[in-house]
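Residue-level listing of the chains:
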Amino acid sequence: MSSKAKKAKAAAQAPVNPLAASKLYNALEAGLKPLCRPGMSALKGDHRNRLKLGGASPVASIDLDAAFKEAEPNSNRWDYLLEVSGQVYALEVHPSRESEATRVEKKAAWVRALIEQRPNVQAITYRPKQAVCYWISSGETYVLPTSPMARKLATKGIVVCGSGWSIPKPVV
């Protein structure tokens, strides 16, 4: 067998990285790449069920809370980044009570700082100048998307989603 044929055979047998085409995976630094997962597999099962993607295919996800738990145990860490159709969305699944709003604001500030420190991630984040953060209720929904509290949070770039999140429609 020629060396060219051996190389071709070896390349065909080499494992294919399912995240090779992911913008999120490729934007992350080396220490976070192993924590990035295909599709929505980084999200907890009950959290996955709260997402309505309308036929869009999720490409990659990372559980930020788990990724930074050891390094930042006292931080208000955001839950996830999810890549869908080449855009990255910041998603937090958290109890939806007005008493939790301040904590969610702190978590949103944390994830925005994380994104701003990573220009490659910021470049692919949905609405990168503001880094819109989505708060999805983890149970009973006491802060409704049309409530005064939701309007207040919207001024801070936090979208209250209620019990589920739908991918935003592209603005043309």
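Residues numbered from 1 in each chain as written. Predicted model: local features only at pLDDT ≥ 70, side-chain atom pairs only at ≥ 80, totals over all residues. Heavy atoms only, no water.

1. Side note on the environment of Glu92
Then, in step 1: Here Glu92 is to be found in strand β5 (residues 87–96).
Then, in step 2: With a relative accessible area of 0%, Glu92 lands in the buried category.
Then, in step 3: Linking Glu92 and Lys107, residues 15 residues apart in sequence, is a C-alpha distance of 8.5 Å. (Helix = DSSP H or I, 4+ residues; strand = E, 2+ residues; numbered from the N terminus. Buried < 20%, exposed > 50% of the residue type's maximum accessible area, 1.4 Å probe, protein only.)

2. What to know about the side chain of His47
Then, in step 1: Relative to the helices and strands, His47 resides in helix α3 (residues 45–48).
Then, in step 2: A distance of 2.7 Å separates polar atoms of two side chains, one belonging to His47 and the other to Tyr80.
Then, in step 3: Those residues in contact with His47 that sit more than four places away from it in its chain are Asp79, Tyr80 and Val93. (Polar contact = N/O pair within 3.5 Å; in protein donor to acceptor, adjacent residues only side chain to side chain. Contact = heavy atoms within 4.5 Å.)

3. A look at the packing of aromatic side chains
Then, in step 1: Tallying each qualifying case throughout the model produces six aromatic pairs.
Then, in step 2: Summarising the aromatic geometry, the rings of Phe68 and Trp110 are spaced 5.4 Å apart at their centres and angled 80 degrees between planes, so their arrangement reads as edge-to-face. With Phe68 in helix α4 (residues 64–68) and Trp110 in helix α5 (residues 101–116), this residue pair connects regions lying 42 residues apart in the sequence. With respect to class, Phe68 is no different from Trp110; both count as buried. (Phe/Tyr/Trp six-rings, centres within 6.5 Å; stacked < 30°, edge-to-face > 60°.)

4. Regarding α5
Then, in step 1: Here α5 spans 22 Å end to end across 16 residues, near enough to the 22 Å set by a 1.5 Å rise per residue.
Then, in step 2: Among the residues of α5, Ala101, Val104, Glu105, Lys107, Ala108, Trp110, Val111, Arg112, Leu114 and Ile115 are the ones counted as buried. (Expected span 1.5 Å × (residues − 1).)

5. Re the sheet that holds strand β1 (residues 36–38)
Then, in step 1: Across the sheet, six strands lie side by side as β1-β3-β4-β5-β6-β7; this open sheet has mixed pairing. Since the sheet does not close on itself, it has two edges, and those belong to β1 and β7 (158–162), each with one partner. Between one strand and the next, the sheet's axes are offset by a mean angle of 30 degrees, whatever the strand orientation.
Then, in step 2: Relative to strand β4 (residues 80–84), strand β3 (residues 58–63) is paired through five bridges, and the arrangement is antiparallel. Pairing of Pro58 across the sheet is with Val84, part of β4. (Pairing = 2+ DSSP bridges. Axes fitted to C-alpha atoms, helices over the stretch in contact; angles between N-to-C directions.)

6. Topic: the pairing of β4
Then, in step 1: Counting buried residues along β4, five of its five residues qualify, which places the element largely inside the surrounding structure.
Then, in step 2: Residues of β4 alternate between two faces, with Tyr80, Leu82 and Val84 on one and Leu81 and Glu83 on the opposite face, all of them buried.
Then, in step 3: Sheet topology places β4 next to β5; five bridges connect them, and they run antiparallel. Bridge pairing in β5 places Tyr80 opposite Leu91.
Then, in step 4: Counting the residues that bridge the hairpin from β4 to β5 gives two residues, and of these Ser85 lies at a positive phi of roughly 50 degrees.

7. Describing the nonpolar core
Then, in step 1: Judged by nonpolar contacts, the single largest core of 32 residues is most densely connected at Leu24, Leu64, Trp78, Leu81, Val111 and Trp135.
Then, in step 2: Counting residues per element, the ones that place at least two in this core are α2 (23–27), β3, α4, β5, α5, β6 (133–141), α7 (148–154) and β7.
Then, in step 3: In terms of residue count, α5 provides more of this core than any other element does, seven residues in total.
Then, in step 4: Trp78 has contacts with Leu64, Asp65, Ala90, Leu91, Glu92, Val104, Lys107, Ala108, Trp110, Val111, Cys133 and Tyr134, leaving out every residue within four places of it along the chain.
Then, in step 5: Judged by nonpolar contacts, the second largest core, of 17 residues, contains Met40, Leu43, Leu51 and Cys161. (Core = buried A, V, L, I, M, F, W, Y, C linked by side-chain atoms within 4.5 Å.)

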